[in-house]
Amino acid sequence: MADPVSSFDVSRREFLEGTGAVALAAVAAVPALGADELPSVPHTAIQVTINGVKQKIDVEDRWTMVEMLRDGLGLTGTKIGCDRGECGACTVLLDGKPVYSCSNLAVWADGRSIQTVEGLAKGDKLDPLQQAFIDHDAPQCGFCTAGQLMSAKALLNNNPHPTADEVRAAMTGNICRCSNYNRYVEAVMSVSGARA
Amino acid sequence: MNTLKTVGISTTRIDTLQRVTGKAQYTNDVKLPGMLYAKILRSPHPHARIRSIDTSKALAMPGVKAVLTNENCKVIWGAGSIAGGVQYSDEIKKITKQHRYAFNNPVRFAGEPVAAVAAVNRHIAEEALLKIHVEYEPLPFVLDQEDAMKPDAPQIWPEGNLALSNRNEAVPMGQKRGNVQDAFAKSDQVFEDRFSTAFVHNAQMEPRSAVAHWEGDHLTLYTPTGGIANCRTDMARDLGIGQDKVRVISQYMGGNFGNKNQNQDADLIAAMLAKQTGAPVKLELSRKEDYIGMHGRWPTTQYYKVGVSKDGAIQGIQLRGYSGMGPYRKNSGAMAGVELYEVANVETSIHPVYTNKTVSGNFRGPEFPQGYFGMQSMTDEVCANLKMDPVDFVLKNMTRKPGGGAKYTDYSLEECVKRGASEFEWAKRWKKVPGSDPGAIKRGAGMSFMAFRSGLGRSDAVITVNAQGKYTVHVGVTDVGAGAKSTMWMIAAEELGVPLSQVDVMWGDTDHCPYSVGESGSRTTIMTGGAVVEAARDLKKQIAAKGMPAGTAMLTATVSANPRLPEGLVRSAFAAHYVEVEVDAELGRIKVLKYLAVHDCGRIINPLTAHGQIHGGVLMGIGMALHEDLIYDKRSGTALTAGYYGARVLTHRDAPKIDVIFIENDDGYGPYGAKSIGEAGKVPAVAAVGNAVANAIGHRMKDLPITRDKVIAVMA
Amino acid sequence: MKTFSNVNARDAKQAVALSQQARKDGKTPAFTGGGSDLLGMVKERIITPDVLVHLRGMKGFDQIEQRGGGLEIGGQVTLDTISHHPLIRSRYAVLAEAAETVATPQIRNVGTLAGNVSQRPWCWYYRNGFPCFKAGGNTCFSIAGENQFHAIFGGGPSFIVHPSDTAPALVALNATFKIAGPGGDRTVAASDFFVLPKQNAAHENILKDDEFLASVHLPAPRPGTRSTYHKIMDREAWTHAVVSAAIVLEMDHDICRSARIVLGGVAPVPWHVPGAEKLLVGQKITPELIAKVAEVSIAGANPLAKNAYKVPLTRNTVKRTLTELTGLTG
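Description of the structure in this document.

Thresholds applied
Residues numbered from 1 in each chain as written. Chains lettered and ligands numbered in written order. Predicted model: local features only at pLDDT ≥ 70, side-chain atom pairs only at ≥ 80, totals over all residues. Helix = DSSP H or I, 4+ residues; strand = E, 2+ residues; numbered from the N terminus. Rg over C-alpha atoms; globule rule 2.2 N^0.38 Å. Buried ≥ 20, exposed ≤ 12 C-beta atoms within 10 Å, placed from the backbone. Contact = placed C-beta atoms within 7 Å. Expected span 1.5 Å × (residues − 1). Nonpolar A, V, L, I, M, F, W, Y, C, P; charged D, E, K, R; others polar. Pairing = 2+ DSSP bridges. Axes fitted to C-alpha atoms, helices over the stretch in contact; angles between N-to-C directions.

The subject of this paragraph is the overall build of chain B. Helix and strand content of chain B: 18 helices and 26 strands. Relative to the globule expectation of 27 Å for 716 residues, the C-alpha radius of gyration of chain B, 26 Å, shows essentially globular dimensions. Across the 716 residues of chain B, 66% fall into the buried class. Excluding contacts between residues fewer than 6 apart, the proportion of contacts in chain B whose partners are at least 24 apart in sequence is 82%.

Residue and element names in this part refer to chain A. Taking 1.5 Å as the rise per residue, helix H4 (residues 145–158) with 14 residues should run 20 Å; its terminal C-alpha atoms sit 20 Å apart, in good agreement. Of all 14 residues in H4, twelve are buried; the element is thus mostly enclosed. Along H4, the positions that sit buried rather than exposed are Thr 145, Ala 146, Gly 147, Gln 148, Leu 149, Met 150, Ser 151, Ala 152, Lys 153, Ala 154, Leu 155 and Leu 156.

To continue, consider the interface of chain B and chain C. Each partner contributes residues to the interface: chain B has 24 residues there, and chain C has 22 residues. Looking at the side of chain B that touches chain C, the elements that each hand over two or more residues are helix H16 (644–647) and helix H18 (708–715) of chain B. Top contributing element to the side of chain B that touches chain C by residue count: H18(B), with four residues. Residues of the side of chain B that touches chain C, tallied by class, amount to eight nonpolar, seven polar and nine charged.

This paragraph deals with the interface of chain A and chain B. Residue-level contacts link 65 residues of chain A with 79 residues of chain B. Elements with a contribution of two residues or more to the side of chain A that touches chain B: helix H1 (6–11), helix H3 (128–135), H4, helix H5 (164–171) and helix H6 (181–195) of chain A. The greatest single-element share of the side of chain A that touches chain B, amounting to four residues, is contributed by H3(A). Residues that form the side of chain A that touches chain B fall into these classes: 36 nonpolar, 13 polar and 16 charged.

A few words on the sheet that holds strand S5 (residues 70–74) of chain C. All names here are of chain C. Spatially, five strands are ordered S4-S5-S8-S6-S7 in an open sheet, and the strand pairing comes out antiparallel. A strand with exactly one partner marks an edge of an open sheet, and here the two such strands are strand S4 (64–67) and strand S7 (184–189). Recorded for the sheet is a direction-independent mean angle of 25° between the axes of neighbouring strands. Here strand S6 (residues 176–181) runs beside strand S8 (residues 212–218); their pairing, made up of five bridges, is antiparallel. Its bridge partner lying in S8, Thr 176 is registered against His 217.

This is how it looks when you write it as structure tokens:
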């Protein structure tokens, strides 16, 4: 049991910014505004190669890579699980290396290449990892799957025959709350075996 | 068991392709023309009266379209409060004294919604939250469920802190059988102890979001719900519109794990913002909001008294328990475990208690993992005192009949326990003298067992067939990750006697699917699967009578199945778990070395997906046993460990190999004898891990999670 | 996220100038390397920069070069590169091992050495937006609050622990840091880079406005040097150190010529334990001596209400690390 800490109440973050009681304003929807009436925010034209295709795109400086991918380019296969670099659902390959696309700005991808889950299959032909994920029933809910795939892909690109511990180490930045970890590792190992 | 052509054969899911290619559309992937983005302002206080809210500065911001507060939005979120463990209904809504609104005043937990903003993009919506000025009058608060029952505790509701039932009754839940006092007097030894479990969260990978869109008076809601039918009912009731005016779509969902078989406040808020702005609205919650604004497993404090005779037969069990419900009683707050034993004398009294923490709700085996941890830690400790092998103790005392003169439809618990002990090499791994390994590295083994409801119940299914011989199964399931859609697909193919390639499934959309019980309570395979069997049989009869349809004609079978078990029968899934751990007594590290889960889930429809259900449940149980805890700062009443980092959710590197054995039986009920499975893996896991740690170190760890600091405190 | 602009710096001089210019314009600048942690703090509005000066593109700052028998590591070299670099692995194992324990592969692929060394505390009060010393306030909420992970050494008035894994390794290796700033470069010993809260409660190091950690110099290891990093985590990946030990020994056969023991996770700075080191110098290392060294390494520990377990944990971590490093069995 505790009493409220009064010093804590008013100083905490901007939530409580402002002073004193103010008479309640009429609460209603304001008339629609066109996007052009919004205050301008810093934005930058960048060039980025996405799944092998060079693109020019104008991004707000504050956009994360995953915002650019999902909202800007409609590549919604990459998911946002935590938006804080804690879960790995947003993992993409930046110049071949797995990164959290929620924790990098889109402008930082200027001149670089990004591979997302949408770039794994060649037309209708699945990447062997995708097929292994299907065969081993690695995804349950599937929300972490794109991230798991991208981390596994980067691993196998550099180390085609990893041990199970190496697989776990490479994928440890990808949480699966369905906790189908056993199956994910089996699936990746089966691909490395197929290449052996 | 007879062999079947499709059921029982490992089958890759009907929709994994969509999941591995990024094509599966989850709620947040939905983007509608002119769509606005919404964010919620949440209370920083665990208990406060809102004196005033000034939204004028937020509304004046370019791009802000609407702000909702409890001043201009009085919607009651029915399913958010007095459900008391049953599905919320019109009747409950009428009689309940304790309403939960979408926006409440006073606010009763840190993280409770105070206002919501819709704006042209998420950044503006977020900035607008900072411009809302709220004047709070902080009120005294209480976080712990036992503290909240003390006479001088701050009162969260006028009716007191003992949570009301849906009949407005403030009485503890409990049962009384025989006479425990007499039993204790006659016992050779009586043991008493206290156990506690922590506040842990679903933490499904998909953070909550909702997209609401009105066309005239017709609402379309995209939302991650495991029960589209119940969600629709709830939305219609809360908004005061007909069910025919609500369409709920949830086709892919990033994990469930409980408490999503209804609508959420986020759904209502999105719908109200969309109504007010006349535009589609997408509401997005952050991961932190998903922890502090939604619900977790109710934390518990459990006091046991157990009397035993010299030979280890339990004479009586008494349990007094406290469950922290948060300030609204979304679910029961019960504790399971006592019913596992065949005991003549039982007395339980379980208090669902209001606190100023985030609301508790159903989470994968709502009352089980925490109740089992307390009960089976207690009995394991009794074994240790009696110097009795826990396997022998369990075999002596475990349920063999469900009580009240009833019988199980079939019974395999003894087989689960014995098979597990043998395959696990229990005798070799379990330490006769707990903590007897010399040196800092200590190994030990623990076990636990389970009897888990597997009842029958209502669900609907529709199957059509066209002239091309294409069968389409319409079922109101969402695929939350457990593979329900594939299960329905396989059951339909089996019963129709056609290959899977001739069967398609329509799911996850109330405009195209009949009622389903919803994916909670491990019921979908049994209930919706049962309806699919009935519909397939009906369709086959029609085909036999009329022949296959020709041209553009179709045949349709519509079934609303509501099977009941014959009087005196109880249907249960059973399991026994065995685990070996290694504890580094100097560094406080606990490592799971070996895990075996033996389960009777009846007939396994799809072995490929069934194993994953057990794996996932067990690993979540290990996380609950060893890591997860939403820790609160006691002075401010706010949570400190919201999120995957803070809660130490298991990673790839933390996950041991889980061995699973299924003991398959067909009891003649459910589709082909299938029983519940979704929650089963988690239910006994926490207790097994706790018992293994105690066996390794020779100290009973009574408070979850069993973290390093607690291990070192007793060992180093 | 709040609005800000991003500018990519070409070189150190420009980076400093961009930061200074922002300040002149009444804006708040922030340097960013990998940016993972920084963006998290911006999203939580723990910090509210208007201008991000991005350092990853600066020429030469992502290089590892042999210099004067030692090694010069650019501040923008990633943790992943450090953990795999053959020369670092063979000669400065403690640093490679420390880098490898940071967070996850995704973070190590962008996270930089300078960023890891300069990162802000992960105290849950600071990270949850409490107005503590680290946020410019005048309270440490951990003292009377939840302090399971807080300091047992050097605390007061703030009881944060320094979150970096590479920092104890660098102090143990006697590294020197080159700092870029308005007055040009300056060089300090790694151990002088970090400051206790009693010197500066708001900040963990000597970096002033418009300064950043440019590079790190590691002196040539003496013959017979061996080193290692041992990190205690609350799950097997992606937590900061509950306790860690960075140990560098210079061995002449079985005699220890010199020793550096620096602890992580226990103090607001990398915690150097010279008293424990002294016991080792000139001695043959035995299990008995290791036990003594471990005991001395916790001298002066002053735990709070909920972190007393860290005292035996620290002792046992030092014992375990030394035992493994010297190939003795406990």
